[in-house]
Amino acid sequence: MNLIDILEKLRTKTVKKLAYGILVLLVAADFIIPRHEIHFFGDKVPGFWSLFGFISCVLIIVVSKWLGHHWLMRDEDYYDK
Amino acid sequence: MISEIFNIQFMHPSAYYIIGGLLIPLFKGRFKQGYMLLLSILAFFAVVNMPHGVYGVYEFLSWELTFGNVDKLSKVFAYIFTIMGVIGVIYSFHVKNDGEHLSSFYYIGGSLGVTLAGDFLTLFLFWEIMAFSSVFLVWYRKIPSSVDSGFRYLLWHVIGGLILFSGIMIQYSVSDDLSIQYLPFHGWWPTDIQSLASFLILIGFIVNAAVPPFGAWLPDAYPAATVTGAVFMSAFTTKTAVYALIRVCAGSEILIFLGVVMAIYGVVYAVLENDARRLLAYHIISQVGYMVAGTGLGTQMAINGVVAHAFCHILYKSLLFMGTGSVLYVTGTAKLSELGGLYKTMPRTMIYTIIGGLAISAFPLFSGFVSKSMTVAAFGEEHIMWAFIGLMLASAGTFLHTGLKVPYFIWFGKDQGIKAHEPPWNMELAMIIGSIFCIGLGIFYKPLYALLPYPVHFEPYTAYHTWETLQILLFTQLGFFLLLKKLWCEDTISMDTDWFPRKGAKAFMWFVNKPLASFEYNFIGEVYEFIVQKPILRVAKWFKWIDTVIVDRTFSEIANLTLRWSRILQTIQSGQIQHYAMIMVAGVITLIVIVIILP
């Protein structure tokens, strides 16, 4: 089996389910992970960084796209006009 | 090596690049490749053999120039620059253009020169060598847009260099000392002459570190550069500036603010970007933001983090540029909207690029994890939570783009049916070396920590920290796949602060061509004719009369006189040698008589 076949195999529904399983496991395990470097309240809340990661990702995409469409994005020949 | 043979205590690694590089055009084919590789390896060993201390001090006019200031900080930067030199040289083996090789060699030599400089004049000299050699890496792409980008790149750097130079001059006038010293800038605005000097030097440095609003040259020039040129450029300019900032400006609080803004700014633009190499260029800005912020904090842990991050960053960012550069080299485009489905034809390049993406995203077991986390943790230690959260947010964005968006849209996404193949062997070899470093440093990080300027009391692989990172990254991945439709790339460019010079230049040219030209023609032209031209004509007429009547006639009379005398003399010129001899003897006798009689 070569590299390309492995990549084809990876794009299946099972892998997707596995990925969701890992996410659930990540949050679940956060309840028992020992905490030693507590800098602020977020470090005490189990699953805080999962939520943080997800919200950051959504915020970055939505806010940037909004900025882009309302202000920053131009046609590729914008400076030549 | 060479230093041992000739028993020289200190061999400047730039010498191999700047002097040795001159001979590159003399070699052909395999010998050229071998020679270039040899130089880059010799330069690396020159750094290995550098003992700490001050070397290469020369008197120039009334100043002392110091070329070799070696301590832990300069040595670790010299290490990574020479390692990157070797990787970059291998990646560019196939390039036929000697000019391109020379410019990258001078560029590397310049950044090594800045790193080892002990005084501001030497630093400035190499600083300018870097700017003027790297611009050729843009120009050698030889397409009209890269010519324009190159000129803009040069303008930004010339202006930055001048600001730096004015800071250096003020510093010299204040202290009468040009040696590089610690000159942090406090506050937001200079208050006295000493802080003005620090302020200008800081501005000069942050232009090269691509700190907004002075950073627009980077995403403008890097994607316009040649395939191999961009790999070199991604490594040297900004990291040399980070080195200079650490040495001179560490602890300047303004840098914390600028760094965090920069880290997020790069991420925002990366969302909008369609050109893969420009997207990566914006991520250089984002990553250098971590370094600038850490430098602003200035604690030992923060500085260690910054240096480690610069070290790892050079390796993974160059790997990413090599991966996307290979795609550009093979397919002729780096636009995400035109690529897709390349996993069938370039799977190995994909794996190297993903390794780079995982390293920049600070995935556990990859190099970014052991370096970025140290910088961010330093902010946690000092309880500067807004910066801590800001940098955490930016790391989600980093994974979102370089770890997910770039690989997804190039190698998966919509299959465009592009005919492609893996790049030449040398490009692949360079990517393999880069990948080994990215994974190796993530696992065996102790040797890197030992090179850092201060003792390290930081352990990256604690359970909580690893878990924290994994949660952020994998939930970012969830967000990516849920919002994939929104991320589809659009054929656009994004306005940046170079809007001001670019549109400003347009406005200036319009002003010159339209109102200024007609004002000049209609009003100033008339006034000029009346006040200047007409009186001048009158004076000129008078001079002409003097010229023809007095000067010319005098000369013609003198000429006539000479002519008459010549005719008389002509009779003496018989053409016979004995007559001349006789006249000569007569002359000598006359002379003797005069000499005897006169006293």
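Residues numbered from 1 in each chain as written. Chains lettered and ligands numbered in written order. Predicted model: local features only at pLDDT ≥ 70, side-chain atom pairs only at ≥ 80, totals over all residues. Heavy atoms only, no water.

### Considerations on a positive patch on the surface
For step 1, the next point in the chain: Together, Lys534, Arg538, Lys541 and Lys544 of chain B make up a positively charged patch on the protein surface.
For step 2, the next point in the chain: Look at lysine 534 of chain B and you get partly exposed, because its relative accessible area is 43%. (Patch = residues over 30% accessible without salt bridge, like charges linked within 9 Å, V, L, I, M, F, W, Y side chains within 5 Å. Areas by Shrake-Rupley, 256 points an atom, 1.4 Å probe, with all protein chains shown as cover. Salt bridge = Lys/Arg side-chain N within 4 Å of Asp/Glu carboxyl O. Lys, Arg positive; Asp, Glu negative; His and termini not counted. Charge placed at Lys NZ, Arg CZ, Asp CG, Glu CD. Buried < 20%, exposed > 50% of the residue type's maximum accessible area, 1.4 Å probe, protein only.)

### Overview of the environment of leucine 448 of chain B
For step 1, the next point in the chain: Structurally, leucine 448 of chain B can be placed in helix H18 (residues 446–451).
For step 2, the next point in the chain: When residues no more than four places from it in sequence are discounted, the contact partners of leucine 448 of chain B are Ala308, Phe311, Cys312 and Leu441 of chain B. (Helix = DSSP H or I, 4+ residues; strand = E, 2+ residues; numbered from the N terminus. Contact = heavy atoms within 4.5 Å.)

### Remarks on the pattern of salt bridges
Residue and element names in this part refer to chain B.
For step 1, the next point in the chain: Evaluated as defined, the whole model comprises eight salt bridges over all chains.
For step 2, the next point in the chain: Aspartate 415 serves as the salt-bridge partner of lysine 344, at 2.8 Å between the closest nitrogen and oxygen. Linking lysine 344 in the loop between helix H13 (300–331) and helix H14 (347–360) with aspartate 415 in the loop between helix H16 (385–411) and helix H17 (425–443), this pair joins segments that are 71 residues apart in sequence.
For step 3, the next point in the chain: Judged by relative accessible area, aspartate 415 falls into the partly exposed class, the value being 41%.
For step 4, the next point in the chain: In this structure, the salt-bridge partner of arginine 348 is glutamate 428, at a minimum N-O distance of 2.5 Å. With arginine 348 in helix H14 and glutamate 428 in helix H17, this pair connects stretches of sequence that are 80 residues apart.
For step 5, the next point in the chain: Owing to a relative accessible area of 37%, arginine 348 belongs among the partly exposed residues under this scheme.
For step 6, the next point in the chain: Overall, the relative accessible area of 10% leaves glutamate 428 in the buried class.

### What about the nonpolar core?
Residues and elements named next belong to chain B.
For step 1, the next point in the chain: Grouped together as the largest cluster of nonpolar side chains are 213 residues, with contacts concentrated most on Phe205 and Tyr222.
For step 2, the next point in the chain: In terms of residues, this core owes the most to one element, H13, which gives 19 residues.
For step 3, the next point in the chain: For phenylalanine 205, the residues in contact, after removing those within four places along its chain, are Leu123, Trp127, Leu164, Ala241, Ala244, Leu245, Val248 and Cys249. (Core = buried A, V, L, I, M, F, W, Y, C linked by side-chain atoms within 4.5 Å.)

### A closer look at the packing of aromatic side chains
Residues and elements named next belong to chain B.
For step 1, the next point in the chain: Counting across every chain of the model gives 44 aromatic pairs over all chains.
For step 2, the next point in the chain: Taken together, a centroid distance of 4.4 Å and an interplanar angle of 25 degrees make the contact between phenylalanine 27 and tyrosine 35 stacked.
For step 3, the next point in the chain: Its relative accessible area of 14% is what places tyrosine 35 among the buried residues.
For step 4, the next point in the chain: Ring geometry for tyrosine 265 against tyrosine 269: centres 4.9 Å apart, planes inclined by 55 degrees, an arrangement best described as tilted. On the criterion of helical spacing, the pair formed by tyrosine 265 and tyrosine 269 is a turn pair, its members being four residues apart in helix H11 (residues 254–272).
For step 5, the next point in the chain: With relative accessibility at 16%, the residue tyrosine 265 sits in the buried group. (Phe/Tyr/Trp six-rings, centres within 6.5 Å; stacked < 30°, edge-to-face > 60°.)

### Digging into the side chain of serine 318 of chain B
Residue and element names in this part refer to chain B.
For step 1, the next point in the chain: Structurally, the position occupied by serine 318 is in helix H13.
For step 2, the next point in the chain: Its relative accessible area of 1% is what places serine 318 among the buried residues.
For step 3, the next point in the chain: At a separation of 3.0 Å, a polar atom in the side chain of serine 318 contacts the main-chain carbonyl oxygen of leucine 315.
For step 4, the next point in the chain: In this structure, serine 318 is in contact with Met84, Val231, Ser234 and His313, ignoring residues within four places of it in sequence. (Polar contact = N/O pair within 3.5 Å; in protein donor to acceptor, adjacent residues only side chain to side chain.)

### Side note on empty space enclosed by the protein
Residue and element names in this part refer to chain B.
For step 1, the next point in the chain: Taken as a whole and assessed by the stated rule, the structure comprises two cavities of 30 Å³ or more.
For step 2, the next point in the chain: There is about 260 Å³ of room inside the largest cavity.
For step 3, the next point in the chain: Lining the largest cavity are 21 residues, and of these Ser373, Met392, His465, Glu468 and Thr469 lie nearest its centre.
For step 4, the next point in the chain: Counting only elements with at least two residues in the lining of the largest cavity, the list comes to helix H15 (367–381), H16 and helix H19 (463–482).
For step 5, the next point in the chain: Ranked by the residues each element gives to the lining of the largest cavity, the list is headed by H19, at six residues.
For step 6, the next point in the chain: Taken together, the residues of the lining of the largest cavity break down into 11 nonpolar, six polar and four charged.
For step 7, the next point in the chain: Taken as a whole, the second largest cavity encloses approximately 30 Å³ of empty space.
For step 8, the next point in the chain: For the lining of the second largest cavity, a count of residues per class yields three nonpolar, four polar and one charged. (1 Å grid on protein atoms, 1.4 Å probe; cavity = no way out; pocket = protein on both sides within 12 Å on 5 of 7 lines; lining within 4 Å. Points joined across faces, edges and corners; volume = space filled by probe spheres on them. Nonpolar A, V, L, I, M, F, W, Y, C, P; charged D, E, K, R; others polar.)

### Let's talk about the pairing of strand S2 (residues 63–70) of chain B
All names here are of chain B.
For step 1, the next point in the chain: Taken across its eight residues, S2 has six buried, putting it largely inside the fold.
For step 2, the next point in the chain: When strand S1 (residues 53–60) meets S2, the two strands line up antiparallel, connected through seven bridges. Bridge assignment links tyrosine 58 to a residue of S2, and that residue is leucine 65.
For step 3, the next point in the chain: Connecting the antiparallel pair S1 and S2 is a turn made up of two residues, with leucine 61 showing a positive phi of about 50 degrees. (Pairing = 2+ DSSP bridges.)

### Comments concerning the interface of chain B and chain A
For step 1, the next point in the chain: The interface of chain B with chain A comprises 58 residues on the first partner and 50 residues on the second.
For step 2, the next point in the chain: For the chain B and chain A pair, buried surface summed over both sides reaches about 5,000 Å², with 72% attributable to carbon and sulfur atoms.
For step 3, the next point in the chain: Considering only the side of chain B, the residues that lose the most area to chain A are Tyr464, Phe475 and Met495 of chain B, jointly responsible for 16% of the buried surface there.
For step 4, the next point in the chain: Here glutamate 76 of chain A makes a salt bridge to lysine 335 of chain B, at a shortest N to O gap of 3.3 Å.
For step 5, the next point in the chain: Along the contact surface separating chain B from chain A lie 11 residue pairs in polar contact (both at pLDDT 80 or more). (Buried area = accessible area lost by both parts, 1.4 Å probe.)

### Some points on the side chain of histidine 401 of chain B
For step 1, the next point in the chain: For histidine 401 of chain B, the position within the fold is in helix H16.
For step 2, the next point in the chain: For histidine 401 of chain B, a relative accessible area of 0% puts it in the buried group.
For step 3, the next point in the chain: A polar contact is formed between the side chain of histidine 401 of chain B and the side chain of histidine 283 of chain B, at a distance of 3.2 Å.
For step 4, the next point in the chain: Contacts of histidine 401 of chain B, omitting those with residues within four sequence positions, involve Ile60 of chain A together with Val267, Ala270, Val271, Leu279, His283, Val406 and Pro407 of chain B.

### Considerations on the domain arrangement of chain B
For step 1, the next point in the chain: The domain boundaries assigned to chain B delineate domain 1 (253–490) and domain 2 (501–597).
For step 2, the next point in the chain: Put simply, the middle of domain 1 of chain B and the middle of domain 2 of chain B, counted by C-alpha atoms, are 72 Å apart. (Domains from an automatic or database assignment.)

### Some remarks on the confidence of the model for chain B
For step 1, the next point in the chain: Here chain B shows a mean pLDDT of 91. Residues at 70 or above account for 98%.
For step 2, the next point in the chain: Ranking the helices and strands of chain B by mean pLDDT puts helix H4 (residues 72–91) of chain B first, with 97, and helix H1 (residues 2–5) of chain B last, with 58. (pLDDT = per-residue confidence, 0-100.)

### Some thoughts on the environment of aspartate 5 of chain A
All names here are of chain A.
For step 1, the next point in the chain: Looking at the element boundaries, aspartate 5 is found in helix H1 (residues 3–10).
For step 2, the next point in the chain: You can call aspartate 5 partly exposed: its relative accessible area is 35%.
For step 3, the next point in the chain: Each C-alpha atom of the pair aspartate 5 and aspartate 43 lies 42 Å from the other, and the pair is 38 residues apart in sequence.

### A word on the layout of surface pockets
For step 1, the next point in the chain: Size it by volume and the largest pocket reaches roughly 1,300 Å³.
For step 2, the next point in the chain: Lining the largest pocket we find 31 residues, and of these Leu10 and Val15 of chain A together with Leu404, Gln477 and Phe481 of chain B sit closest to its centre.
For step 3, the next point in the chain: Elements with a minimum of two residues in the lining of the largest pocket: H1 and helix H2 (13–29) of chain A together with H14, H16 and H19 of chain B.
For step 4, the next point in the chain: The element that contributes the greatest number of residues to the lining of the largest pocket is H2 of chain A, accounting for seven residues.
For step 5, the next point in the chain: A per-class count over the lining of the largest pocket returns 26 nonpolar, three polar and two charged.
For step 6, the next point in the chain: Roughly 1,100 Å³ of volume is contained in the second largest pocket.
For step 7, the next point in the chain: Lining the second largest pocket we find 42 residues, and of these Ser149, Arg152, Asp220, Arg278 and Arg502 of chain B sit closest to its centre.
For step 8, the next point in the chain: Broken down by secondary-structure element, the contributors of at least two residues to the lining of the second largest pocket are helix H7 (144–175), helix H9 (217–221), helix H12 (276–297), strand S3 (492–494) and helix H21 (499–570) of chain B.
For step 9, the next point in the chain: Broken down by element, the residue count for the lining of the second largest pocket peaks at 10 residues, all from H7 of chain B.

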